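Understanding the architecture of this molecule
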Amino acid sequence: MPFAFAPSPPPAAAIAGSATRFPVRRIFCIGRNYAEHAAEMGASVDRGNPVFFCKPADAIVVDGADVPYPQATKELHHEVEMVVALHSGGIDIAEADALTHVFGYAVGLDLTRRDLQAIAKAKGMPWDTAKAFDHSAPLSPIRPAAEIGHPRSAALTLAVNGQLRQQSDIAQMIFNVPEMLARLSRLFELKAGDLVFTGTPAGVGPLVRGDAVHAQLAGLTELRCRIA
Ligand code: MN
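The written sequence of each chain sets the order in which its residues are numbered from 1. For this predicted model, a pLDDT threshold of at least 70 governs which residues receive local features, and a threshold of 80 or more governs which side-chain atom pairs are given and counted, while totals over whole chains, interfaces and linings are taken from all residues. The side-chain values count all of the structure's non-hydrogen atoms but skip hydrogen atoms and water molecules.

**Remarks on helix 6 (residues 177-184)**
In terms of burial, helix 6 is a largely internal element, eight of the eight residues being buried. The set of residues buried in helix 6 consists of V177, P178, E179, M180, L181, A182, R183 and L184. Two N or O atoms form a polar contact when they lie within 3.5 Å of each other; inside protein one atom must be a possible hydrogen donor and the other a possible acceptor, and for residues adjacent in sequence the pair counts only when both atoms belong to side chains. Helix and strand assignments come from DSSP, with helices taken as H or I runs of at least 4 residues and strands as E runs of at least 2, each series counted from the N terminus. Two or three places before E179, at the opening of helix 6, N176 has a side-chain oxygen 3.0 Å from that residue's backbone nitrogen. Think of it in three bands: with a 1.4 Å probe and only protein chains considered, a residue is buried below 20% of the maximum accessible area for its type, exposed above 50%, and partly exposed in between.

**Here we look at the environment of L181**
Counting through the fold element by element, L181 comes out in helix 6. C-alpha of L181 to C-alpha of A12: the two residues are 169 residues apart in sequence and 21 Å apart in space. Contact partners of L181, with chain neighbours within four places excluded, come to L86, A98, V102, L190 and V196. The contact criterion used throughout is that any non-hydrogen atoms of two residues lie within 4.5 Å.

**Some words on the pairing of strand 14 (residues 163-169)**
Any two strands with at least two DSSP-identified bridges between them are counted as paired. Where strand 13 (residues 155-160) meets strand 14, six bridges bridge the pair, whose relative direction is antiparallel. Note that in strand 14 the partner of V160 across the bridge is Q163. As consecutive antiparallel partners, strand 13 and strand 14 are separated by two residues, and within that stretch N161 has a phi angle of approximately 50°, a positive value.

Here is the structure:
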């Protein structure tokens, strides 16, 4: 059966050192996964109930591309995060098997309209307008686990116009990658092409037009973008 009109092309991420691309199916995100960031947001950490939310797959912005300053906000915030890319999935995945589903790792930005998030939190409303807007997920090239293995520790940093804003280590995550994938798969069937943004450390703050953003997962991959 033909489509009524041409479908949008599938969103795709770059794979480091490869001419092939990673087709993105869904973007899952975890919140409050670093204690110091939860504290700076005035939030408590509940190990029984991780905070999960989603972004649309076409929110991806590839490395080096401009990020348009979004509409409907006066407070765009950066959140630098390690991103896990899956080449397979399932439901009720065991922690011990979780890493077999990981294709690779990237660094990304969970861009947030913080003013809209504050309103949503105050009213007990969903976070979609704060988190799931267009161009809200800049993403570095993915480094395949086949090359780099599964990093347990790596410096995670974000600089704006050359000034360091966020600095931590993925070893500080409250829910580690196997735990996160196991818990997500109890809520959603994970599949090839899924990305998981793994939470941001302390130091989130505003971005303005013209800012040059540089995110790094030290020794593994990096992302550069400009707020246009
Ligand atoms: Mn985040």
